[in-house]
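Below are the chains, spelled out letter by letter.
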Amino acid sequence: MTATTHNRPRDLRLDFFRGLGMFIIFVAHMPENKWALWIPARFGFSDATEIFVFCSGMASAIAFGTAFRRHGFLIGTARTAFRVWQVYWAHISLFMVIVPLLILFNGLDTGVVYTERLYVLPFFEDTAQAIVGLMTLTYVPNYFDILPMYLVILAMMPAVIGLARITPQLALLAVVLVWLAATNGYLDLPAEPWSDRAWFFNPFAWQLVFFTGFAFMSGWLKPPPMNRLLTWLSVAVLVVTVPFAHRWGWQNFQWIYDARDMVWSLLDKTDFGLLRYVHFLALAYLAWIAAGEGGRRLAAGGGWGRVVTVTRKVGQQSLAIFLTGMVLAQVMGMVLDVVGRTMLSTALANVAGFVILVLTAYLVAWFKSQPWRKPAPTQAASGPAAAKDPAPDIKARLVAGE
């Protein structure tokens with residue numbers, strides 16, 4: 001496995017954009033959230049999911065790629081399996097937290113049946129079959145489909161890295177071939193035991209964007225050069241797609257609607273259509289240019305520097321923030337059902353959610369630092385009784401047989 005990134009400081013851009021994606025995912029998942037009308041997904045084919053998966057690929061190249069290089073293939077695979085295990089139980093826990101909340105919300109006088117909103121009624125209609133499906137990942141309701149996708153992609157990583165040890169080109173070819181097979185319907189996974197519905201996020205398609213980020217960070221692919229031609233080409237891609245992505249365009253112009261319909265397979269989210277990939281690459285390139293080499297424009301001081309620092313902290317704790325955000329989105333949606341969706345209440349719900357996510361990120365980082373394992377600070381004596389530790393005298397007397 002080639003390496004070019006493996007002992008250098010963590011890139012500011014990775015944590016910042018992953019943190020930004022976490023905020024967007026929270027906004028997007030809050031039911032009937034008017035702020036969701038302004039997220040990037042409303043103006044282009046790709047959305048925060050691509051940001052999350054791409055940045056996760058980059059982060060995995062650092063975290064897991066290092067284990068493969070330093071400790072060998074077996075230990076690297078074990079490290080990956082441990083993460084898959086963590087994500088699996090995070091997925092199960094997320095379901096088991098949100099579903100009881102929905103039942104609780106059903107008792108409120110809001111006029112909303114929350115178990116219908118997320119379509120988890122089958123879990124209550126045939127619990128025995130649904131619980132087996134939940135544990136075997138053959139029952140994957142739409143709201144709970146990102147983590148299963150992620151853990152399958154992680155499970156693919158040892159195979160891709162193994163191919164890269166032969167040559168990175170072979171690994172990249174395999175990634176593309178798997179994506180092609182998935183987009184042609186050959187690798188669908190069942191999402192319900194009682195129907196033929198497939199996973200909303202096909203991991204064998206979405207692994208393309210994950211391993212793109214992985215390849216850039218691992219040195220299998222060289223970053224594109226910073227030049228005007230690529231910059232303006234990327235701008236053109238983003239601008240041209242707006243009328244085809246925004247509902248103002250396809251709802252008001254029949255020819256735009258027809259054009260979308262003709263190329264729908266290229267826009268498909270489930271199987272990660274090609275135009276989504278092209279749009280995301282253009283967006284990622286412009287974000288990379290805007291941040292500057294190594295993220296130097298993100299290293300500023302003042303108010304902007306504090307915003308970057310906080311956003312990076314959220315990005316560094318992405319799994320915990322994702323779980324918190326998914327639960328919090330439903331809670332805030334219920335709150336808005338109760339108080340009403342005015343401009344003020346919607347703003348307060350979103351801002352309160354952002355604050356809770358930030359506080360969660362700092363709390364998780366504090367726990368991960370394991371402060372209880374650090375040496376205790378020396379405390380000054382506060383009086384005559386504390387001037388001398390009696391413990392040595394007691395030990396001496398015990399030795400002497402007193």
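You'll find the structure just up there.
Everything numeric in this text was worked out from a predicted model, so none of it was measured.

Undergrad: Would you mind showing me how to read the side chain of His279 here?
TA: In this fold, His279 is placed in helix 13 (residues 274–291). Classification of His279 by relative accessible area gives buried; the value is 4%. A polar side-chain atom of His279 sits 2.8 Å from a polar atom in the side chain of Ser46. Setting aside chain neighbours within four positions, we find His279 in contact with Phe43, Gly44, Phe45, Ser46, Val237, Leu238 and Thr241.

Undergrad: I tried to follow the pattern of salt bridges on my own but got confused; where do I start?
TA: When their charged atoms lie close together, side chains carrying opposite charge are able to pair. In total, this model carries eight salt bridges according to the counting rule given. As a salt-bridge pair, Asp47 and Arg276 come within 3.4 Å of each other at their nearest N and O atoms. Here the residue Asp47 occupies a position in the loop between helix 1 (12–29) and helix 2 (48–106), and Arg276 occupies one in helix 13, the gap between them amounting to 229 residues. With respect to class, Asp47 is no different from Arg276; both count as buried.

Undergrad: Where do I start with the packing of aromatic side chains in this structure?
TA: The description of an aromatic ring pair rests on the distance of the ring centres and on the angle between the ring planes. Going through the model one piece at a time under the given rule, you end up with 33 aromatic pairs. With centroids separated by 5.5 Å and ring planes inclined at 70°, the aromatic side chains of Phe105 and Tyr114 adopt a geometry described as edge-to-face. You'll find Phe105 and Tyr114 in the same group, each marked buried. Consider the rings of Phe210 and Phe211, whose centres lie 5.0 Å apart with planes at 85°: the pair is edge-to-face. The burial state of Phe210 is the same as that of Phe211; both residues are buried. Within the aromatic cluster, the residues linked to one another by ring pairs are Phe95, Phe123, Phe124, Tyr139, Tyr143, Phe144 and Trp194.

Undergrad: Quick question: what am I supposed to make of unusual backbone geometry here?
TA: The bulk of non-glycine residues show a negative phi, and the bulk of peptide bonds are trans. Look at Glu32: it is not a glycine, yet its phi comes out positive at around 50°. Turning to its location among the elements, Glu32 is positioned in the loop between helix 1 and helix 2. On the basis of relative accessibility, which here comes to 57%, the residue Glu32 falls in the exposed class. The backbone phi angle of Phe272 is positive, close to 50°, even though this residue is not glycine. Summarising the element assignment, Phe272 is placed in the loop between helix 12 (264–267) and helix 13.

Undergrad: Quick question: what am I supposed to make of the environment of Asn202 here?
TA: Along the chain, Asn202 falls in the loop between helix 7 (168–183) and helix 8 (203–218). A C-alpha to C-alpha distance of 22 Å links Asn202 and Arg42, two positions 160 residues apart in sequence. In this view, Asn202 contacts Ala182, Leu187, Asp188, Thr270 and Asp271; residues no more than four positions away in its chain are not counted. A distance of 3.2 Å separates the side chain of Asn202 from the side chain of Asp271, its partner in a polar contact.

Undergrad: Before we go on, may I ask you to explain the layout of surface pockets in this structure?
TA: Sizing a probe to match a water molecule and rolling it over the atoms shows the empty space that remains. As a volume, the second largest pocket reaches approximately 780 Å³. Ala28, His29, Arg42, Phe200 and Lys269 are the residues nearest the centre of the second largest pocket, which is lined by 31 residues in total. Where the lining of the second largest pocket is concerned, the elements lending two or more residues are helix 1 and helix 2. It is helix 1 that provides the largest number of residues to the lining of the second largest pocket, a total of four residues. Classifying every residue of the lining of the second largest pocket by side-chain character gives 18 nonpolar, five polar and eight charged.

Undergrad: Please explain a nonpolar patch on the surface as it appears in this structure.
TA: Nonpolar side chains collect at one region of the surface, where Ile166, Leu170, Leu173, Val176, Leu177 and Leu180 lie side by side and expose about 510 Å² of accessible area between them. The dominant element in the nonpolar patch, judged by the number of residues it contributes, is helix 7, at five residues. Tracing the chain through its elements places Leu180 in helix 7.

Undergrad: I'm lost on the environment of Leu147 in this one. Help?
TA: Mapped onto the secondary structure, Leu147 falls in helix 6 (residues 146–166). Linking Leu147 and Ser318, residues 171 residues apart in sequence, is a C-alpha distance of 12 Å.

Undergrad: Can you help me understand helix 16 (residues 343–368) in this one?
TA: For helix 16, with 26 residues, the first-to-last C-alpha span of 38 Å sits near the 38 Å given by 1.5 Å per residue. Among the residues of helix 16, those classed as buried are Ser345, Thr346, Ala349, Asn350, Gly353, Leu357, Val358, Thr360, Ala361, Val364 and Ala365. Residues of helix 16 that are buried make contact with helix 1, helix 14 (302–316) and helix 15 (318–339). Just beyond helix 16, the residue with positive phi is Gln370, at close to 50°.

What counts as what
- Residue positions are given per chain, counted from 1 along the sequence in the order it is written.
- Local features are withheld for residues below a pLDDT of 70 in this predicted model, meaning they are given only at 70 or higher, and side-chain atom pairs are given and counted only at 80 or more; totals for whole chains, interfaces and linings count all residues.
- The side-chain values count all of the structure's non-hydrogen atoms but skip hydrogen atoms and water molecules.
- Put simply, DSSP H or I for four residues or longer makes a helix, DSSP E for two residues or longer makes a strand, and each gets a number counted from the N terminus.
- Relative accessibility under 20% of the residue-type maximum defines a buried residue, over 50% an exposed one, and the middle range a partly exposed one, all with a 1.4 Å probe and only protein chains included.
- Whenever a nitrogen or oxygen atom comes within 3.5 Å of another N or O atom, the pair is scored as a polar contact, on the condition that within protein one atom can donate a hydrogen and the other can accept it, and that pairs from neighbouring residues in sequence are kept only if both atoms are in side chains.
- What makes two residues a contact is simply this: any of their non-hydrogen atoms within 4.5 Å.
- The term salt bridge refers to a side-chain nitrogen of Lys or Arg lying within 4 Å of a carboxyl oxygen of Asp or Glu.
- Whether two aromatic rings pair depends on their centres lying within 6.5 Å, for rings of Phe, Tyr and Trp, where Trp uses its six-membered ring; planes under 30 degrees apart make the pair stacked, over 60 edge-to-face, and the rest tilted.
- Computed over the protein atoms alone on a 1 Å grid, cavities are sets of points where a 1.4 Å probe fits but cannot get out and pockets are open sets with protein on both sides within 12 Å along at least five of seven lines; a residue lines them when it has an atom within 4 Å of a point.
- Grid points are joined across faces, edges and corners, and a volume is the space filled by probe spheres set on the points.
- Residue polarity follows a fixed list, in which Ala, Val, Leu, Ile, Met, Phe, Trp, Tyr, Cys and Pro are nonpolar, Asp, Glu, Lys and Arg are charged, and the others, Gly among them, are polar.
- For patches, a residue must show more than 30% relative accessible area and have no salt bridge; joins then use 9 Å for like charges and 5 Å for nonpolar side chains, namely Val, Leu, Ile, Met, Phe, Trp and Tyr.
- Note on areas: Shrake-Rupley, 1.4 Å probe, and residue coverage restricted to the protein chains presented here.
- To estimate how far a helix should extend, the number of its residues minus one is multiplied by 1.5 Å.

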